[in-house]
Structure formats: C-alpha cells, structure tokens
Amino acid sequence: TAAYAFAVIAFCLGFFAVVFSFCSQKGRGGLAALLFFITLCQGLSLLVFSSDVVKVFAAHGIELGISFGAGCSIAAIIFWFFAAVSAAGTAKNGDGDRDASREELEEPLVANDEAEAA
C-alpha cells in the first residue's frame, strides 16, 4: 500500500507543482525542491515490485513485471528529474527575469545621436 500512496502523492503534488509554476513568477527554488520530492515519490511508487502483491498475483498465475505502466512510471521519474534540474537552474539565475542583465550595461545599445536621427 505504500507504493500506491507514493503514486497518489506524486500525482497530487505534481498537479500542484504544474499549477504553481504557471501562476508564480518567483520562488523557483521552492519549486525545484518540490519537483525533487515528486521525483522521489514517483520512484518509490515502484516499490510494488518488491512487495507481497507480486507473490499474490503469481500464486494465481498472473506474472507481474515491468510492462507499459512501469515503463511510463520510469519515464515520469526522468521527466520530473529534468524539470527539477531546470527549475533549480532558473532559481540560481535570480528570480527568472531574463531582462535583469540589461541593468548592468554601462553604455546604451544605440547611441543617442542614432536614436534621435531615426
């Protein structure tokens, strides 16, 4: 049952993280931590393969293995991880504002004479 709980936690927090990332322009560091936690929960959802559920199904002639669902879960782990790494990368750059580097310019991009002539 722990594997199912981790799967539900990963789904619910993943939905919250997607909504949070669209609604918030700041706080990417918190988003990165949340995405790393979702990666962990998604990975722990594969605990079902080490539980007694596999033995119960094997007793009834049903063999469980890494099939389509487990493959999708592994792909989700990879995608959550890359999302967390990219969110952490944008958090290191400041608040995610791409135009912040323009404040550090010492000279204008267009000279005043050229701007007045146009």
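Cut-off values and rules
- Residues numbered from 1 in each chain as written.
- Predicted model: local features only at pLDDT ≥ 70, side-chain atom pairs only at ≥ 80, totals over all residues.
- Heavy atoms only, no water.
- Helix = DSSP H or I, 4+ residues; strand = E, 2+ residues; numbered from the N terminus.
- Buried < 20%, exposed > 50% of the residue type's maximum accessible area, 1.4 Å probe, protein only.
- Contact = heavy atoms within 4.5 Å.
- Areas by Shrake-Rupley, 256 points an atom, 1.4 Å probe, with all protein chains shown as cover.
- Phe/Tyr/Trp six-rings, centres within 6.5 Å; stacked < 30°, edge-to-face > 60°.

**Concerning the overall build of the chain**
Then step 1. Across its full length, the chain carries five helices and zero strands.
Then step 2. N-terminal to C-terminal, the α/β element order of the chain is α-α-α-α-α.
Then step 3. Looking at the chain residue by residue over its 118 residues, the buried ones come to 19%.
Then step 4. By sequence separation, contacts in the chain at least 24 residues apart represent 72% of the contacts at least 6 residues apart.
Then step 5. Just so you have it, the chain exposes about 8,800 Å², and 65% of that area is on carbon and sulfur atoms.

**Considerations on the packing of aromatic side chains**
Each aromatic ring pair is summarised here by two numbers: the centre-to-centre distance and the angle between the ring planes.
Then step 1. Across all of its chains, the model carries three aromatic pairs by this definition.
Then step 2. Where Phe16 meets Phe20, the ring centres are 6.1 Å apart and the plane angle is 20°; that geometry is what we call stacked. Here Phe16 and its partner Phe20 are both found in helix H1 (residues 2-23), four residues apart, which amounts to about one turn of the helix.
Then step 3. Residue Phe16 is classed as partly exposed on the basis of its relative accessible area, which comes to 48%.
Then step 4. Considering the side-chain rings of Phe36 and Phe81, the 6.0 Å spacing of their centres and the 65° angle between planes classify their relative orientation as edge-to-face. Pair noted here: Phe36 is in helix H2 (residues 28-44) and Phe81 is in helix H4 (residues 68-92), with a separation of 45 residues, a long-range link.
Then step 5. The exposure class assigned to Phe36 is partly exposed, which follows from its relative accessible area of 36%.
Then step 6. In this structure Phe81 comes out as partly exposed when scored by relative accessible area, which is 38%.
Then step 7. Through pairs of rings, three or more aromatic residues link up here, namely Phe36, Phe81 and Phe82.

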